[in-house]
There are 2 protein chains.
Amino acid sequence: MENVPIKRRRGRPPKNQSASYQDTRQVLIRVGLAALTEKGYSYTGLDEILRVANIPKGSFYHYFDNKEAFGQTLIEAYGHFFASKLERSLSDNSRTPLARIQAFVEDAKAGMEKFDYRRGCLIGNLGQEMVALPESFRSLLCNTFRDWESRIARVLTEAQVAGEMPDHLLPEPMAQFFWIGWEGAVLRAKLEKSSQPLDQFAEGFMALVRGS
Amino acid sequence: MENVPIKRRRGRPPKNQSASYQDTRQVLIRVGLAALTEKGYSYTGLDEILRVANIPKGSFYHYFDNKEAFGQTLIEAYGHFFASKLERSLSDNSRTPLARIQAFVEDAKAGMEKFDYRRGCLIGNLGQEMVALPESFRSLLCNTFRDWESRIARVLTEAQVAGEMPDHLLPEPMAQFFWIGWEGAVLRAKLEKSSQPLDQFAEGFMALVRGS
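Residues numbered from 1 in each chain as written. Chains lettered and ligands numbered in written order. Predicted model: local features only at pLDDT ≥ 70, side-chain atom pairs only at ≥ 80, totals over all residues. Heavy atoms only, no water.

Q: How would you summarise the packing of aromatic side chains if you had to cite specific residues and measurements?
A: Counted according to the given criterion, the structure contains 51 aromatic pairs over all chains. Ring geometry for tyrosine 78 of chain A versus phenylalanine 81 of chain A: centroids 5.8 Å apart, planes at 55°, classification tilted. Placement of both tyrosine 78 of chain A and phenylalanine 81 of chain A in helix H3 (residues 67-90) is noted, with a separation of 3 residues, approximately one turn of the helix. Among the residues examined, tyrosine 78 of chain A registers a relative accessible area of 5% and is labelled buried. The exposure class assigned to phenylalanine 81 of chain A is partly exposed, which follows from its relative accessible area of 46%. Seen in terms of ring centroids, phenylalanine 104 of chain B and tryptophan 182 of chain B are 5.3 Å apart; in terms of plane orientation they differ by 50°. Their pairing is tilted. One end of the pair, phenylalanine 104 of chain B, is in helix H4 (residues 97-114); the other, tryptophan 182 of chain B, is in helix H7 (residues 171-192), and 78 residues separate them in sequence. Each member of the pair, phenylalanine 104 of chain B as well as tryptophan 182 of chain B, is classed as buried. Over the aromatic face of tyrosine 41 of chain A sits the side chain of lysine 67 of chain A, whose NZ or CZ is 4.3 Å from the ring centroid. Positioned over the ring face of phenylalanine 145 of chain B is arginine 188 of chain A, at 4.1 Å from the centre of the ring. (Phe/Tyr/Trp six-rings, centres within 6.5 Å; stacked < 30°, edge-to-face > 60°. Helix = DSSP H or I, 4+ residues; strand = E, 2+ residues; numbered from the N terminus. Buried < 20%, exposed > 50% of the residue type's maximum accessible area, 1.4 Å probe, protein only. Lys NZ or Arg CZ within 6 Å of the ring centre and 35° of its normal.)

What follows is the structure, encoded as structure tokens:
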């Protein structure tokens with residue numbers, strides 16, 4: 001179906017969409033994610049996204065009710081995309097629990113290097129900009145962190161069972177500590193154009209959870 | 001002198017300035033710092049700053065060569081302002097070294113709460129935006145972190161002497177770890193509108209440097 005041109009009706013297409021409609025919507029999401037991950041919300045114009053996506057100006061509203069709705073979709077899409085990426089490392093049972101977290105760190109380092117440290121974390125970028133963003137974004141961003149935290153907490157619980165983390169440490173606060181510091185490390189890596197802050201943070205975190 | 005109206009010459013005033021010229025320049029810096037600490041660079045328009053500072057449109061260039069030069073001045077001014085704030089806690093010899101770092105954390109928490117978690121760290125905000133900022137800002141921002149790091153490293157060295165931090169930990173990497181994570185905690189505190197992320201990070205950091 002994908003390459004068959006479809007004769008468009010005038011006006012908004014129905015919400016129960018053709019493959020072509022869904023493809024175009026996915027292109028908008030992909031281009032939007034790249035822009036927001038690199039520059040954040042304020043520097044990203046809708047015109048630029050439509051130009052890069054090669055979508056005629058004015059047809060944006062066929063796909064999203066407004067820019068706020070587009071932003072909400074991007075936050076949720078990034079949250080899911082990143083959770084999958086995270087799980088590729090965290091569910092690799094050939095490694096010990098803490099080695100899985102380290103594998104995520106190595107994966108993230110490679111990802112940042114690939115884009116010359118221009119792209120960071122969409123959730124961190126928008127969190128930083130929150131004071132100037134639609135208030136509806138706040139709970140979406142917080143919930144994304146909660147989701148990522150629960151995934152790291154699960155692995156830290158496994159680390160305790162495996163004897164890698166002492167029993168007196170609590171997985172949930174340690175997982176929250178991880179994401180608090182990790183977002184700072186991503187920010188610093190972009191600023192310094194180096195993976196060294198990511199390594200520095202990961203090393204400290206590992207020492208903390210090993211209790212050594 | 002401050003309240004005596006001064007008859008202005010036409011054109012740029014000489015660089016070797018009157019008290020009034022310096023006062024006006026300081027007002028621009030103060031208003032600029034508040035705006036950048038809250039919203040970052042991209043959401044801050046020059047028009048808005050001039051309006052809040054009550055300075056006639058068009059006279060900005062009497063005080064700064066261009067917006068980039070203004071930004072550079074703000075980064076340096078914030079770096080110095082924050083270093084003084086930091087030293088108020090770090091040089092308080094009535095406390096143990098680690099208690100001085102904790103005193104800074106408490107001071108920062110009170111500061112963020114006072115502005116309802118709308119204001120963060122100007123250096124962190126601009127670091128996050130760096131991909132879209134004049135390249136000349138990058139080394140100024142990195143150098144500011146180096147300066148703050150050296151101040152925390154000095155106190156951590158004192159903590160070792162005082163027996164609060166084990167000898168196998170190195171003050172410089174630990175100080176870098178502090179600022180990497182602290183910027184993440186400030187970002188999260190703004191997002192969650194809560195000081196809890198600042199406490200969470202400080203607690204983990206203290207456990208790490210105490211080696212406990």
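Next, the rest of the story.
Q: If you had to explain the relation of the copies chain B and chain A to someone new, which residues and values would you point to?
A: For the pair of chain copies, the relating operation is a rotation around an axis with a shift along it. Once turned by 180° and shifted 0.0 Å along the axis, chain B lies on chain A with an RMSD of 0.0 Å. The operation mapping one copy onto its partner corresponds to a two-fold rotation axis. The fraction of interface residues of chain B whose copies in chain A are also interface residues reaches 100%, indicating that both copies meet through the same surface. (Least-squares fit on C-alpha atoms with pLDDT ≥ 70 in both. Contact = heavy atoms within 4.5 Å.)

Q: Tell me what's going on with the interface of chain B and chain A, and back it up with residues and numbers.
A: Between chain B and chain A, the contact holds 44 residues from the first and 44 residues from the second. Where chain B abuts chain A, roughly 3,900 Å² becomes buried across the two surfaces, and 62% of that area is made up of carbon and sulfur atoms. One can count 4 salt bridges joining chain B with chain A. As a salt-bridge pair, glutamate 192 of chain A and arginine 146 of chain B come within 2.6 Å of each other at their nearest N and O atoms. (Buried area = accessible area lost by both parts, 1.4 Å probe. Salt bridge = Lys/Arg side-chain N within 4 Å of Asp/Glu carboxyl O.)

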